[in-house]
Amino acid sequence: MLLTQTITALGAEPVTVADVKVSARLDDDITELDGQIATLITSTRLTAEHECERQFMPHTLRLSFDGWPEGWQTTEPLASLEGVQALGVSGWIDVAGFELLQFGPGRWCLMAPDALPDLLDQEGERVRVTVKVGCPTNVRSYIIAMAVHQLTTASAARPTNPPAYLAGLLDRERNWA
C-alpha cells in the first residue's frame with residue numbers, strides 16, 4: 001500500500017448523549033448534565049482509540065496501491081466497501097466485483113474478482129480502494145458503560161475505578177502484536 005488518505009471529515013461521536021442517558025436511567029428532560037455527558041463520551045472514545053491504536057470516529061478512507069490489492073488485510077473497524085478504481089488511459093475507472101469479507105473479530109480481507117483489467121505500466125498509484133470506517137458495537141458498549149460509570153459513581157471527593165470487566169469490551173479491537 002502506498003498511501004492512506006482520509007477523504008471525508010470525521011463524523012459525529014459514535015455514541016450520543018441520549019444513549020448514555022438511557023443507560024444511566026436519566027430523564028431526557030434533564031439537560032443540566034448534557035455537557036458533562038458529551039465530554040465523558042469524547043474522553044472515553046479517545047481512551048479506547050489509544051488502547052486499541054485505531055480510530056473509532058466514522059470517516060471514509062482512500063487506500064492507494066501500486067498494484068491489485070489481492071488478499072489485502074486490515075484491522076481497521078470497517079463498515080463498508082465504497083468502491084475500487086483503477087487508473088486507465090482516460091483516467092480513473094470503477095472496477096466491480098470486489099468484496100470485503102470479515103474473517104475474524106476486527107479482521108477484514110479484500111477479495112478480488114476472478115478477472116481483473118490490466119493496469120497501466122507506470123510507477124505510483126494505480127489502484128484506489130475507498131472504505132467507510134465505523135465504530136464496532138463492542139466499542140460503543142464500552143463508551144456507554146464507561147460514561148455511565150463515571151457519571152453515576154465518580155466524584156471529586158471519592159474517585160472510583162471502573163470494574164475490570166469493562167476493559168474486556170475492547171479486547172476484540174486491541175492490537176495484540
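### Considerations on helix H1 (residues 17-24)
Note: α-helices contain 3.6 residues per turn, so residues at a spacing of three or four share the same orientation. Among the residues of H1, Val20, Lys21 and Ala24 are the ones counted as buried. Down the axis of H1, the smallest arc covering the buried residues is 100°, so these residues share one side. The positive-phi residue at the C-terminal boundary of H1 is Arg25, with phi of around 60°.

### Quick look at the nonpolar core
In terms of nonpolar packing, the biggest core is built from 20 residues, with Val20 and Val139 touching the most fellow members. It is helix H3 (residues 137-153) that contributes the most residues to this core, eight residues altogether. What Val20 contacts, discounting residues up to four positions off in sequence, is Val15, Ile37, Ile41, Ile144, Ala147 and Val148. Listed in part, the 17 residues of the second largest apolar core include Leu61, Leu63, Phe98 and Leu110.

### Thoughts on unusual backbone geometry
As a rule of thumb, non-glycine residues mostly have phi less than zero, and peptide bonds are mostly trans rather than cis. Positioned with a positive phi, Arg25 is a non-glycine residue whose angle comes to about 60°. If you trace the backbone, Arg25 turns up in the loop between H1 and helix H2 (34-52). Taking the relative accessible area as the measure of exposure, Arg25 reaches 77% and is therefore exposed. The phi angle at Glu53 is positive, at roughly 60°, despite the residue not being glycine. Within the fold, Glu53 resides in the loop between H2 and strand E2 (59-65).

Reading the values: rules and limits
Residues numbered from 1 in each chain as written. Predicted model: local features only at pLDDT ≥ 70, side-chain atom pairs only at ≥ 80, totals over all residues. Heavy atoms only, no water. Buried < 20%, exposed > 50% of the residue type's maximum accessible area, 1.4 Å probe, protein only. Helix = DSSP H or I, 4+ residues; strand = E, 2+ residues; numbered from the N terminus. Arc of directions from axis to C-beta. Core = buried A, V, L, I, M, F, W, Y, C linked by side-chain atoms within 4.5 Å. Contact = heavy atoms within 4.5 Å.

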